[in-house]
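Tertiary structure, described
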Amino acid sequence: MAKCDVCGKDENMPYNCRHCGGTYCADHRLPENHDCSGLQNWNDPKGVFDSGFDDSVNGGNASRASSLSDKLPIDTGPGGPLAYFRGNMTYTFLAIIWVTFLVQQLSLLVGGWSLHQALFVLTPQHPEYVWTWVTSIFSHNPFGLMHIVGNSIVLFFFGPLVERYVGSKNFAALFIVSGVLAGLSQVSIQFLQGSPTSSGVLGASGAALAIMGVLTILNPSLKVYLYFILPVPIWVLTAGYAAISVFFLGLGGGGDIAHMAHLVGLLIGLGYGEYIKRNRNVRAPSQLQFGGGGPGGPGGPGGPGGRRRF
């Protein structure tokens, strides 16, 4: 049972608005009935939404689509093979992560570890390999599944909530920018510490923790079912990651886990969440199920070869 955000009525079957994340009764579930803050992202303040099947909606100006998928030279419209990714950067990024994982396996077969590292691993020895600033975000430990599965779980459950608040473009920018800055901060620490030549970072945990940081600011009491069993407020989960990262950084780095990347990603998310909270009227749902990604954060413990997974 939950209370309607507008009238306070108790509802056994509450409705969650997919545009603003609020909880409403049957009388206030439509966006136009609860002054939905998500309308600002639709260029449609009267609450009339394009069904995707009629170009006459919004004046027939379908060419003004704002999402990245609308600009792809392939069919992402209703009924198309990629309709599921239309205006949905969360699942687009998830797909890229898993495709990248397969390409990583291929690179190991074709060129061995040296090729894999040059393409996917951000290292303190070669920061001029600027493509690894981005490819390292979508790459994961190629010798196991825990790393990629853990980060995928975080992105799958938390990503859509943040994307609905900020829009697909801003979500994509948050994910990429936080991932890049997290990776660069980690290799900077490695360079200062004189880490081995084989060290480097890869993984999406910096971006994933940025997403968690945004939600922590917007609704710190958001209930998360850790491992689908243990209910905890999201601020406890976020504080736990921050405490672990600070503790191991104080001990000299924390082995193969990229704690600096975790901490930087989280701080970016907290800062962006505060910006959103001050400038927009957004709400978060009251609970969320989440399966953890194993010890050492969403990415789990570090992998072989001195790589730091994050």
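Residues numbered from 1 in each chain as written. Predicted model: local features only at pLDDT ≥ 70, side-chain atom pairs only at ≥ 80, totals over all residues. Heavy atoms only, no water.

A few points about the overall build of the protein
Along the backbone of the protein there are 7 helices and 9 strands. Going through the 310 residues of the protein one by one, you find that 47% of them count as buried. In the protein, the share of contacts with a sequence separation of at least 24, taken over all contacts with a separation of at least 6, comes to 66%. In the structure as shown, the protein presents an accessible area of about 14700 Å², 63% of it carried by carbon and sulfur atoms. (Helix = DSSP H or I, 4+ residues; strand = E, 2+ residues; numbered from the N terminus. Buried < 20%, exposed > 50% of the residue type's maximum accessible area, 1.4 Å probe, protein only. Contact = heavy atoms within 4.5 Å. Areas by Shrake-Rupley, 256 points an atom, 1.4 Å probe, with all protein chains shown as cover.)

Some remarks on the state of the cysteines
Inspection of every chain in the model, using the stated rule, returns 0 disulfides. Looking at C4, it has no disulfide partner, and the nearest cysteine sulfur is the one in C7, 3.7 Å off. Residue C25 stays outside any disulfide, its sulfur separated by 3.8 Å from that of C4, the closest cysteine. (Disulfide = S-S within 2.5 Å.)

What to know about the side chain of T100
Examined against the element boundaries, T100 turns out to sit in helix α1 (residues 89-120). When near neighbours in sequence (up to four residues on either side) are disregarded, T100 contacts F120, F138 and S139.

Notes on the environment of I244
Summarising the element assignment, I244 is placed in helix α6 (residues 234-250). I244 gets classed as partly exposed once you look at its relative accessible area, which sits at 41%. Expressed as a C-alpha distance, the spacing of I244 and L263, which sit 19 residues apart in the sequence, is 9.3 Å.

Regarding helix α7 (residues 259-279)
The first and last C-alpha atoms of α7 sit 30 Å apart over 21 residues, in line with the 30 Å expected at 1.5 Å per residue. Here α7 has its buried residues at H259, M260, A261, H262, L263, V264, G265, L266, G269, G273 and I276. (Expected span 1.5 Å × (residues − 1).)

Structural notes on the packing of α1 against helix α4 (residues 168-193)
Interhelical geometry of α1 versus α4 gives an angle of 40° and a closest axis separation of 9 Å. With respect to their mutual orientation, α1 and α4 come out oblique. Within the contact between the two elements, α1 uses M89, T90 and F93 and α4 uses S168, F171, A172, F175 and I176. Of the residues that constitute the contact of α1 with α4, the class distribution is 6 nonpolar, 2 polar and no charged. (Axes fitted to C-alpha atoms, helices over the stretch in contact; angles between N-to-C directions. Parallel < 35°, antiparallel > 145°, perpendicular 65-115°, else oblique. Nonpolar A, V, L, I, M, F, W, Y, C, P; charged D, E, K, R; others polar.)

Description of the environment of L230
Considering the arrangement of structural elements, one finds L230 in strand β7 (residues 230-233). Among the residues examined, L230 registers a relative accessible area of 48% and is labelled partly exposed. When sequence neighbours within four positions are dropped, the list of residues in contact with L230 reads V224 and Y225.

Concerning the nonpolar core
Counting residues in each nonpolar core, the largest one holds 41 residues, and the members touching the most others are F93, L155, F158, V162, F171, F175 and L215. Of all elements in the fold, only α1, α2 (131-138), α3 (146-166), α4, α5 (205-218), β6 (223-226), α6 and α7 reach the threshold of two or more residues within this core. For this core, the element with the highest residue contribution is α5, accounting for 9 residues. If we skip the residues at most four places from it in the chain, F175 touches F93, I137, F138, L155, A204, A207 and I211. (Core = buried A, V, L, I, M, F, W, Y, C linked by side-chain atoms within 4.5 Å.)

Focus on the confidence of the model for the protein
A residue-level look at the protein finds 68% of positions with pLDDT of 70 or above and a mean pLDDT of 75. When pLDDT is averaged over each helix and strand of the protein, the minimum, 46, is found for strand β8 (residues 287-290) and the maximum, 95, for α2. Counting contacts from residues 42-69, a segment whose pLDDT is below 50, to residues more than four positions away or on other chains yields 33 contacts. (pLDDT = per-residue confidence, 0-100.)

A look at the packing of aromatic side chains
Where two aromatic rings form a pair, the distance of their centres and the angle of their planes describe that pair. Following the criterion strictly, the structure yields 11 aromatic pairs and no others. Centre to centre, the rings of Y129 and W131 are 4.9 Å apart; their planes meet at 15°, and the pair counts as stacked. Among the aromatic side chains, those forming a connected cluster through ring pairs are F93, F138, F171 and F175. (Phe/Tyr/Trp six-rings, centres within 6.5 Å; stacked < 30°, edge-to-face > 60°.)

Notes on the packing of α5 against α6
Remark: α5 packs on α6, axes separated minimally by 9 Å, with the N-to-C direction vectors making an angle of 140°. By the criterion of interaxial angle, the relationship of α5 to α6 is oblique. Seen from above, α5 lies across α6 with left-handed handedness. Where α5 abuts α6, its residues L209, M212, L215 and T216 lie against I234, W235, L237, T238 and Y241. (Left-handed = near helix turned anticlockwise from the far one by under 90°.)

Things to note about a nonpolar patch on the surface
Together, L106, L109, V110, L115, L119, V130 and W131 line one region of the surface with nonpolar side chains, adding up to about 690 Å² of accessible area. When residues of the nonpolar patch are assigned to their parent elements, the largest contribution, 5 residues, is made by α1. The exposure class assigned to L109 is exposed, which follows from its relative accessible area of 74%. (Patch = residues over 30% accessible without salt bridge, like charges linked within 9 Å, V, L, I, M, F, W, Y side chains within 5 Å. Salt bridge = Lys/Arg side-chain N within 4 Å of Asp/Glu carboxyl O.)

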